[in-house]
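Fold and contact review
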Amino acid sequence: KAGVTQTPRYLIKTRGQQVTLSCSPISGHRSVSWYQQTPGQGLQFLFEYFSETQRNKGNFPGRFSGRQFSNSRSEMNVSTLELGDSALYLCASSSRQGGTAPLHFGNGTRLTVT
Amino acid sequence: AQSVTQLDSHVSVSEGTPVLLRCNYSSSYSPSLFWYVQHPNKGLQLLLKYTSAATLVKGINGFEAEFKKSETSFHLTKPSAHMSDAAEYFCVVNPNTGNQFYFGTGTSLTVIP
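This text gives an overview of the structure that appears in the document. Within any chain, residue numbers begin from 1 and follow the written order of that chain's sequence. All chains are assigned letters beginning with A, and all ligands numbers beginning with 1, in the order in which they are written. Under the rules for a predicted model, residues below a pLDDT of 70 receive no local features and side-chain atom pairs below 80 are neither given nor counted, while totals for whole chains, interfaces and linings still include all residues. Remark: hydrogens and water are excluded; side-chain values derive from all non-hydrogen atoms of the structure.

**A closer look at the pairing of strand β2 (residues 10–14) of chain B**
All names here are of chain B. Burial of β2 is one-sided: the residues V11 and V13 facing one way are buried, the residues H10, S12 and S14 facing the other way are not. Two strands are said to pair when DSSP picks up at least two bridges between them. Segments assigned H or I by DSSP are reported as helices when at least four residues long, segments assigned E as strands when at least two residues long, and all are numbered from the N terminus. Where β2 lies against strand β12 (residues 107–112), five bridges are found, and the strand directions are parallel. Bridge assignment links V11 to a residue of β12, and that residue is L109. Partly exposed residues are those whose accessible area sits between 20% and 50% of the maximum for their type, while under 20% is buried and over 50% is exposed, using a 1.4 Å probe and protein chains only.

**Some details on the pattern of salt bridges**
The salt bridge definition used is simple: a Lys or Arg side-chain nitrogen within 4 Å of an Asp or Glu carboxyl oxygen. Under the definition given, this model contains seven salt bridges over all chains. Where R67 of chain A meets E75 of chain A, a salt bridge forms, and the shortest distance between an N and an O atom there is 3.3 Å. Among the ionic pairs, D8 of chain B bridges to R22 of chain B, the shortest N-O distance being 3.0 Å. Of this pair, D8 of chain B sits in the loop between β1 (3–6) and β2 while R22 of chain B sits in the loop between β3 (19–21) and β4 (23–26); the two residues are 14 residues apart in sequence, bridging distant segments of the chain. Through salt bridges with shared partners, one network takes in R63, E82 and D85 of chain A.

**Remarks on unusual backbone geometry**
P8 of chain A follows T7 of chain A through a cis peptide bond whose omega is -10°. Relative to the helices and strands, P8 of chain A is located in the loop between β1 (5–7) and β2 (10–13). A positive phi angle, near 45°, is found at T80 of chain A, a position not held by glycine. Its place among the elements puts T80 of chain A in the loop between β8 (74–78) and β9 (87–94). Phi at N41 of chain B is positive, roughly 60°, even though this residue is not glycine. Looking at the secondary structure, you find N41 of chain B in the loop between β5 (32–38) and β6 (44–50).

**Things to note about the nonpolar core**
As a rule of thumb, nonpolar side chains are buried together in soluble globular proteins. The set of buried Ala, Val, Leu, Ile, Met, Phe, Trp, Tyr and Cys residues whose side-chain atoms join them within 4.5 Å is what this entry labels a nonpolar core. Counting residues in each nonpolar core, the largest one holds 26 residues, and the members touching the most others are W35, L48, L76 and Y89 of chain B. Sorting elements by how many residues they give to this core places strand β10 (residues 87–94) of chain B first, with four residues. By size, the runner-up hydrophobic cluster in this structure holds 21 residues, among which are F47, M76, V78 and A87 of chain A.

**Some remarks on the state of the cysteines**
In protein chemistry, a disulfide is the covalent bond that joins the sulfur atoms of two cysteines. When two cysteine sulfur atoms lie within 2.5 Å, the pair is treated as a disulfide. Within this structure, the stated rule accounts for two disulfides over all chains. Across the disulfide from C23 of chain A sits C91 of chain A; the S-S distance is 1.8 Å. Disulfide C23 of chain A to C91 of chain A: torsion about the S-S bond roughly -60°, handedness left-handed. One end of the pair, C23 of chain A, is in strand β3 (residues 19–24); the other, C91 of chain A, is in strand β9, and 68 residues separate them in sequence. With its sulfur 2.0 Å from that of its partner, C23 of chain B forms a disulfide with C91 of chain B. On the sign convention where negative is left-handed, the bridge of C23 of chain B and C91 of chain B, at about -65° about the S-S bond, is left-handed. Residue C23 of chain B is found in strand β4, and its partner C91 of chain B is found in strand β10; the two are separated by 68 residues along the sequence. Among the residues examined, C91 of chain B registers a relative accessible area of 0% and is labelled buried.

**What about the layout of surface pockets?**
If you add up the space inside the largest pocket, you get close to 280 Å³. The method works on a 1 Å grid over the protein atoms by themselves. A cavity is a set of points holding a 1.4 Å probe that cannot get out, a pocket is an open set with protein on both sides within 12 Å along at least five of seven lines, and residues with an atom within 4 Å of a point line them. Q37, T38 and P39 of chain A together with Q38 and F90 of chain B are the residues nearest the centre of the largest pocket, which is lined by 16 residues in total. Put simply, the parts of the chain that give the lining of the largest pocket at least two residues each are β4 (31–38) and β5 (42–50) of chain A together with β10 of chain B. The element that contributes the greatest number of residues to the lining of the largest pocket is β10 of chain B, accounting for three residues. Polar here means any residue outside two lists: the nonpolar Ala, Val, Leu, Ile, Met, Phe, Trp, Tyr, Cys and Pro, and the charged Asp, Glu, Lys and Arg; Gly therefore counts as polar. Classifying every residue of the lining of the largest pocket by side-chain character gives six nonpolar, seven polar and three charged. Grid points are joined across faces, edges and corners, and a volume is the space filled by probe spheres set on the points.

Rendered as structure tokens:
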């Protein structure tokens, strides 16, 4: 079974631009979550989608948004980029909503904002 | 309230010696607990999980962890460290009230040859 696929692996953007990151979950997984990882803040939860609906949201500004498609693929968008948005963005999928199913992570998208 | 505390931010061991990475949690419910490993510029890989079955859980690459409810701990151990074990390790809790996962701040493991 193919794992979680995130594209692109690396991105360099300029302040004020916007960016879209993509995530394809493991086949059959309907839950997709996004995390931001930085050296200073560690792993922070952005949001979770299940069956095309946002189910949970972390404490991030409205510049961060996401969506999920009917095939469970997900995208996240960051508008008006700031230098502090530079981070590794990780996508994770799981087989169902509920705590006993583990998260399966992709290798992430490394975003650098200059 | 839920929280996860990894008691050591850095652990250094010699190759071939035991590894102990400590994790304490607080949860209002009966949680599921996980350990993940992250190598540089990679995503997190699941090492093992506890979901209310046996309290001693065996994972991949020789790692295991013991759930101790009375101590609210879920420490990760390995009898003999390999160079390839050098990485960042995360303890993760899900209180089983939804699909919200709480991450520890990570423990960086260094293995000295």
